[in-house]
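Overview (structure and organization)
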Amino acid sequence: MSLRKRLAERRIVLAPGVYDGFTTLFAERAGFEAAYLSGASICYSRFALPDIGLVTATEAAQVLASIRERATIPLIVDIDTGFGNALNVQRTVALFEREGANALQLEDQVTPKRCGHLKDKAVVPAGEMVGKIKAALDARRSAETLIVARTDAIAVEGYARALDRAELYVEAGADALFVEAPPDKAALADVAKRFGHRLPVLANMVEGGKTPLLPAAELEAMGFRIVIFPGGTARAVGHALDAYFSGLKAAGTTEGMRGRMLDFAGINAVLGTDGFLARGKKYET
């Protein structure tokens, strides 16, 4: 089932954050219906950099391509501001669609952008963002490729004007809507009530961020159709790595951590190593 058809259902799509082929493989194994390729998590995991607009379109597309070498799960992909103006947006859409994105999330921050839950953001004029949305829609080759319009204007212009922007983005033809960082449950519910009957609305759950962390079932009851946990995977892995390296440094062995690790056989089972080797034998002379 395509992501567009799946979103026609009222049942919410729960999409964990991923940042490489390995994390996406585990998301697929867990049975998720979609995953979210997080620009922030690419910054964290690949470059050990903060999410302040330092990663390029080419670098992010390379990550997507590496994921698509094996993953079949639908991917909602963060393309930040489209990496430039409306013409840059069109090149970005074409590139990421070729590499296997099922939905592309475009935001109205200035370039360079920053994480939606950091301070001192700035946004482009609403009319400029409307043009970018229309450019993205014109650039896609398949109607199955969704354009998700995101506004970061709550922190910049206030809640009411952010919703006015969201209205313009819906009218521009966006396939889904993402209002970033509502400050409380009432604001979240209001976003879903105002827009949820017109198109799929996305909720962003950031551990320690500006929006309260709610379970998918509660967000579904509000009227949200998608919920992402974009950076949770990177934060969980970071926590595990901190414990792993601290333990190895202190003990000089991993023996005490074996219960929290995949062993050699376990990792090869996940990767399907035996299947690769068996396929290779077909070509041996």
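Just so you know, these numbers come straight off a predicted model, no measurement behind them. (Residues numbered from 1 in each chain as written. Predicted model: local features only at pLDDT ≥ 70, side-chain atom pairs only at ≥ 80, totals over all residues. Heavy atoms only, no water.)

**As for the packing of helix H5 (residues 86-98) against helix H6 (residues 126-139)**
Look at H5 against H6: their axes get within 8 Å of each other, and the N-to-C directions meet at 35 degrees. H6 is crossed by H5, and the crossing has right-handed handedness. Facing H5, whose interface residues are Ala 86, Val 89, Gln 90, Val 93 and Glu 97, H6 presents Gly 131, Lys 132, Ala 135, Ala 136, Asp 138 and Ala 139. Tallied by class, the residues present in the contact of H5 with H6 amount to six nonpolar, two polar and three charged. (Axes fitted to C-alpha atoms, helices over the stretch in contact; angles between N-to-C directions. Helix = DSSP H or I, 4+ residues; strand = E, 2+ residues; numbered from the N terminus. Left-handed = near helix turned anticlockwise from the far one by under 90°. Contact = heavy atoms within 4.5 Å. Nonpolar A, V, L, I, M, F, W, Y, C, P; charged D, E, K, R; others polar.)

**Here's the deal with helix H12 (residues 264-271)**
Capping the start of H12 is the job of one residue whose side-chain oxygen sits 3.3 Å from the backbone nitrogen of Ala 265: Asp 263. Following H12 by one or two positions, Gly 272 has its phi on the positive side, about 75 degrees. (Polar contact = N/O pair within 3.5 Å; in protein donor to acceptor, adjacent residues only side chain to side chain.)

**Quick look at the environment of Lys 193**
One can find Lys 193 in helix H9 (residues 185-195). Taking C-alpha positions, Lys 193 is 8.8 Å from Phe 224, a pair spaced 31 residues apart along the chain.

**A closer look at the sheet that holds strand E5 (residues 146-151)**
The eight strands lie next to each other as E1-E2-E3-E4-E5-E6-E7-E8, forming a closed barrel whose pairing is parallel. Shown here is a sheet whose adjacent strand axes are inclined to one another by a mean of 25 degrees, direction ignored. By the bridge criterion, three bridges tie strand E3 (residues 75-78) to strand E4 (residues 103-107) in an arrangement that is parallel. The residue bridging Asp 78 from the neighbouring strand is Gln 105, located in E4. Each of E4 and E5 is contacted by H6, which is oriented at about 160 degrees to E4, the strand it contacts most. (Pairing = 2+ DSSP bridges.)

**Examining the pairing of E5**
E5 sits mainly inside the fold: six of its six residues count as buried. Side chains Leu 146, Val 148 and Arg 150 of E5 all project onto a buried face; the interleaved residues Ile 147, Ala 149 and Thr 151 project onto the opposite face, where all are buried too. As paired elements, E4 and E5 share five bridges and run parallel to each other. Counted as the bridge partner of Glu 107 is Arg 150 from E5. Pairing between E5 and strand E6 (residues 176-179): four bridges, direction parallel. If you follow Val 148 over to E6, its bridge partner there is Ala 176. (Buried < 20%, exposed > 50% of the residue type's maximum accessible area, 1.4 Å probe, protein only.)

Note that every value here comes from positions in space, so none of it alone points to a role or purpose.
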